[in-house]
Amino acid sequence: MTKTELIGRMAEAAGISRDQAKLALEAFTDQVTGSLVQGRDVRLVGFGSFVAVDRKAGVARNPQTGQEIARPASRTARFRPGEGLKSALNG
């Protein structure tokens, strides 16, 4: 599903305009991003958690040449599904 499709489905399900659904989705993603930047997890009970994770520096390999490249330490985001989402996916 694309962002545009998600906005359309949100608008239909909530009975709001596509513009309002777009604003709601953008507000949600902005708040999740802001919380993760500050080092705070975002927990949605029954759905899952967005978590900021620190990655250690390491060595990566270029698959075309086989050359090793130093990969610097970085931060990334992970999503951990909650029990409600897992149950929905597994019937």
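Details of the structure are given in the entry above.
What counts as what
- The residue numbering used here restarts from 1 in each chain and proceeds along that chain's sequence as written.
- With pLDDT at 70 or above as the cut-off, local features in this predicted model cover only qualifying residues; side-chain atom pairs require 80 or more to be listed or tallied, and sums for whole chains, interfaces and linings still use all residues.
- Here the side-chain values reflect all heavy atoms present in the structure, with hydrogen atoms and water set aside.
- Every helix listed is a DSSP run of H or I at least four residues long, and every strand listed is a run of E at least two residues long, numbered separately from the N terminus.
- By definition here, a helix of n residues has an expected span of 1.5 Å times n minus one.
- Accessible area is worked out with a 1.4 Å probe on protein chains only. A residue is then buried under 20% of its type maximum, exposed over 50%, and partly exposed in between.
- The directions from the helix axis to the C-beta atoms form the arc being described.
- Contacts were defined at the residue level, with two residues in contact if any of their heavy atoms lie within 4.5 Å.
- Two rings belonging to Phe, Tyr or Trp (six-membered ring only in the last case) form a pair when the distance between their centres is within 6.5 Å. Interplanar angles under 30 degrees mark stacking, angles over 60 mark edge-to-face geometry, and anything in between is tilted.
- For salt bridges, the criterion is a side-chain nitrogen of Lys or Arg within 4 Å of an Asp or Glu carboxyl oxygen.

What to know about helix α2 (residues 18-37)
Point 1. Its 20 residues place the ends of α2 28 Å apart at the C-alpha level, agreeing with the 28 Å of an ideal helix rising 1.5 Å per residue.
Point 2. Those residues of α2 that sit buried are Ala 21, Leu 25, Val 32, Ser 35 and Leu 36. Take α2 and look down its axis: the buried residues cluster within an arc of 105 degrees, on one side only. Exposed residues on α2 whose side chains face more than 90 degrees from its buried face are Asp 19, Leu 23, Asp 30, Gln 31 and Val 37.
Point 3. Taken together, the buried residues of α2 touch α1 (3-14), β1 (42-44), β2 (48-55) and β5 (74-81).
Point 4. A positive phi of about 85 degrees marks Gly 39, the residue just after α2.

Quick look at the packing of aromatic side chains
Point 1. In this structure the tally under the stated criterion is three aromatic pairs.
Point 2. On the numbers, 5.0 Å between centres and 55 degrees between planes, the contact of Phe 50 with Phe 79 is tilted. In this pair, Phe 50 is assigned in strand β2 and Phe 79 in strand β5, connecting sequence segments 29 residues apart.
Point 3. A relative accessible area of 34% places Phe 79 in the partly exposed class.
Point 4. A network of ring pairs unites the aromatic residues Phe 28, Phe 47, Phe 50 and Phe 79 as a single cluster.

Description of the pattern of salt bridges
Point 1. Evaluation of the coordinates by the stated rule reveals five salt bridges.
Point 2. Two residues, Asp 41 and Arg 43, come together in a salt bridge whose shortest N-O distance is 3.4 Å.
Point 3. For Arg 43, a relative accessible area of 59% corresponds to the exposed category.
Point 4. In this structure, Arg 61 engages Glu 68 in a salt bridge whose closest nitrogen and oxygen atoms are separated by 3.0 Å.
Point 5. Look at Arg 61 and you get exposed, because its relative accessible area is 54%.

Thoughts on the side chain of Ser 49
Point 1. Relative to the helices and strands, Ser 49 is located in strand β2.
Point 2. You can call Ser 49 buried: its relative accessible area is 15%.
Point 3. Setting aside anything within four residues of it in sequence, one finds Ser 49 in contact with Val 42, Arg 43, Arg 78, Phe 79 and Arg 80.

Things to note about the environment of Arg 9
Point 1. The topology assignment puts Arg 9 in helix α1.
Point 2. Taking the relative accessible area as the measure of exposure, Arg 9 reaches 56% and is therefore exposed.
Point 3. Counting along the chain gives 12 residues from Arg 9 to Ala 21, while the straight-line C-alpha distance between them is 8.8 Å.

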